[in-house]
Amino acid sequence: MKSKILDLLQLNSEGYLSGEQISDQLGISRTAVWKHIKALKNEGYIIDSVNNKGYKLLSDTDELNSSSLKALCNDFDFIQFIKFLDTVDSTNSEAKRIAMEEQVLEGLIVSSEQTKGKGRLGRQWESEKESGLWMSLLLRPKVKPEAASSITLVSAAAMAHAIEACTSLNVGIKWPNDLIVNGKKICGILTEMSAEINQLHYIVLGIGVNLGQMSFPVDIIDKATSLKKEGVEVSGKKILSAFLLAFSNFYSQYLEGDMSQIISYHLAHSVTVGKKVQIITPIETRNAYVLDINADGSLLVENELGENEVVFSGEVSV
Ligand code: BT5
């Protein structure tokens, strides 16, 4: 049925087709039409929905560029500006530059290439041209500074959901910021923020998803993978579209202070809970057993002395 709706939209690509026309032609309810349209948007088709007019297919190509990005982001009120770049040092750095110039706006930056892609703690993120989805959201949530770091969990859940929605892959989440497919990292998240003790100014949520690489530099070849390496070819546009839908849902829960669905999602996809791990901090490396993810997104572990301990940040090695 979804593909029949797509056919109708493609045939009528010059104008709008109302929900009623589609439901009459296909003999399904308006609600069913709306659900299929939502599913098509989820797959990356850009469909404009206008009250009293209906639906119009704006783009069914997979190319990510300024105009397809604009159409894709129309529905989300946390995206007030978009910037699509051919190349940039780092989309996170660009987002921070914009945050300083435009002190109120929230938005999205996507680049085909990053020349100085960043990981956590000054590490490097390999971001070859057109091989991945390299993007940053500049957000100004009205939350306390201490709630800022759990937005990493919000985006990890949303991106895991997006990859699973667009592919048949199973995605694991390695707390707090790595997405894992078949034991290898396919996506990393770098959350940066600017805040005073009592006031959060902004968050930059940087996300990198490996799409088309068939090989990686020798130092990460054993631990990195891409969708293509896993046998799936999906465009960055489809992944981004699915991500924005999932993120918008989880993000509104986060803004309301409700992390329950997000934590449940993490628990269901976690590759660390119930495992013996190493907790790596700049000061030390220790063994621990992961018991749970707490409501605030921190990790509950049992340490080597058999005591329960809460881990707020750091690296977990499985
Ligand atoms: C991360 O750091 O995983 C955060 C990565 C965030 C990247 C995005 S891309 C858009 C935005 N703009 C930026 O500049 N950054 C964000 P971390 O957990 O520290 O992992 C970094 C480590 O992952 C590196 O030291 C390598 O071992 C490995 N690595 C580097 N590039 C990789 C890649 N493309 N795929 C998988 N692993 C990689």
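Everything below is about the structure printed above this text.
Worth saying up front: this structure is predicted, and the values here are computed from it rather than measured.

Quick notes on the pairing of strand 10 (residues 276-280)
Working note: regular strand, side chains alternate between the two faces of the sheet.
Then step 1. In strand 10, alternate side chains face the same way, and those of Val277 and Ile279 are buried while those of Lys276, Gln278 and Ile280 on the opposite face are not.
Then step 2. As paired strands, strand 10 and strand 11 (residues 285-293) are joined by 5 bridges and run antiparallel to one another. Within strand 11, the residue paired with Ile279 across the bridge is Arg286.
Then step 3. Where strand 10 folds back onto strand 11 in an antiparallel hairpin, the turn is made up of 4 residues.
Then step 4. Sheet topology note: the strand 10/strand 14 (residues 315-317) ladder contains 3 bridges and is antiparallel. Residue Ile279 lies in a different strand from strand 14, and its bridge partner there is Val316.

Overview of the sheet that holds strand 10
Then step 1. Read from one edge of the open sheet, 5 strands run 13-12-11-10-14, paired in antiparallel fashion. Sheet topology places strand 13 (308-311) and strand 14 at the edges, where each strand pairs with a single neighbour. Averaged over all pairs of adjacent strands, the angle between strand axes in this sheet comes to 45°, irrespective of strand direction.

What to know about helix 6 (residues 151-166)
Then step 1. The end-to-end C-alpha distance of helix 6, which contains 16 residues, comes to 23 Å, matching closely the 22 Å that a straight helix rising 1.5 Å per residue would cover.
Then step 2. Along helix 6, 12 of the 16 residues are buried, which leaves the element largely enclosed by surrounding structure.
Then step 3. Within helix 6, the full set of buried residues consists of Ile151, Thr152, Leu153, Val154, Ser155, Ala156, Ala157, Ala158, Met159, Ala160, Ala162 and Ile163.

Considering the environment of Ile221
Then step 1. Mapped onto the secondary structure, Ile221 falls in the loop between strand 9 (200-210) and helix 7 (236-255).
Then step 2. Considered as a pair, Ile221 and Lys184 are 37 residues apart in the sequence and their alpha carbons are 9.4 Å apart.
Then step 3. The contact partners of Ile221, leaving out residues within four places of it in the chain, are Lys184 and Phe216.

Structural notes on the sheet that holds strand 3 (residues 81-85)
Sheets are built from strands that pair by backbone hydrogen bonding, the pairs being arranged parallel or antiparallel.
Then step 1. Taking strand neighbours across the sheet as the criterion, the 7 strands line up as 3-4-5-9-8-7-6 in an open arrangement whose pairing is mixed. Pairing within the sheet leaves two strands with one partner each, and these edge strands are strand 3 and strand 6 (172-174). Averaged over all pairs of adjacent strands, the angle between their axes in this sheet comes to 15°, without regard to strand direction.
Then step 2. Sheet analysis places strand 5 (residues 132-139) next to strand 9, joined by 8 bridges and oriented antiparallel. The residue of strand 9 that forms the bridge with Leu139 is Ile203.

Notes on the packing of helix 4 (residues 66-73) against helix 7
Then step 1. As a packed pair, helix 4 and helix 7 sit with axes 10 Å apart at the nearest point and diverge in direction by 20°. Considered as vectors, helix 4 and helix 7 are oriented roughly parallel to each other. Every pair of crossing elements has a handedness; the one defined by helix 4 and helix 7 is right-handed. The segment helix 4 lies against helix 7, with Ser68, Leu69, Leu72 and Cys73 engaging Lys237, Leu240, Ser241 and Leu244.
Then step 2. Across the contact of helix 4 with helix 7, the residue classes break down as 5 nonpolar, 2 polar and 1 charged.

Focus: the site of the ligand
Then step 1. The local shell around the ligand holds 27 residues, among which Ser90, Lys118, Arg123, Lys185 and Asn210 are the closest.
Then step 2. A distance of 2.7 Å separates an oxygen atom of the ligand from a polar backbone atom of Lys118.
Then step 3. When the free accessible area of the ligand is taken as 790 Å², the share hidden by the protein chains comes to 94%.
Then step 4. Residue composition of the shell around the ligand, by class: 7 nonpolar, 13 polar and 7 charged.

Cut-offs applied
- Residues numbered from 1 in each chain as written.
- Predicted model: local features only at pLDDT ≥ 70, side-chain atom pairs only at ≥ 80, totals over all residues.
- Heavy atoms only, no water.
- Buried < 20%, exposed > 50% of the residue type's maximum accessible area, 1.4 Å probe, protein only.
- Helix = DSSP H or I, 4+ residues; strand = E, 2+ residues; numbered from the N terminus.
- Pairing = 2+ DSSP bridges.
- Axes fitted to C-alpha atoms, helices over the stretch in contact; angles between N-to-C directions.
- Expected span 1.5 Å × (residues − 1).
- Contact = heavy atoms within 4.5 Å.
- Parallel < 35°, antiparallel > 145°, perpendicular 65-115°, else oblique.
- Left-handed = near helix turned anticlockwise from the far one by under 90°.
- Nonpolar A, V, L, I, M, F, W, Y, C, P; charged D, E, K, R; others polar.
- Near = heavy atom within 4 Å.
- Polar contact = N/O pair within 3.5 Å; in protein donor to acceptor, adjacent residues only side chain to side chain.
- Areas by Shrake-Rupley, 256 points an atom, 1.4 Å probe, with all protein chains shown as cover.

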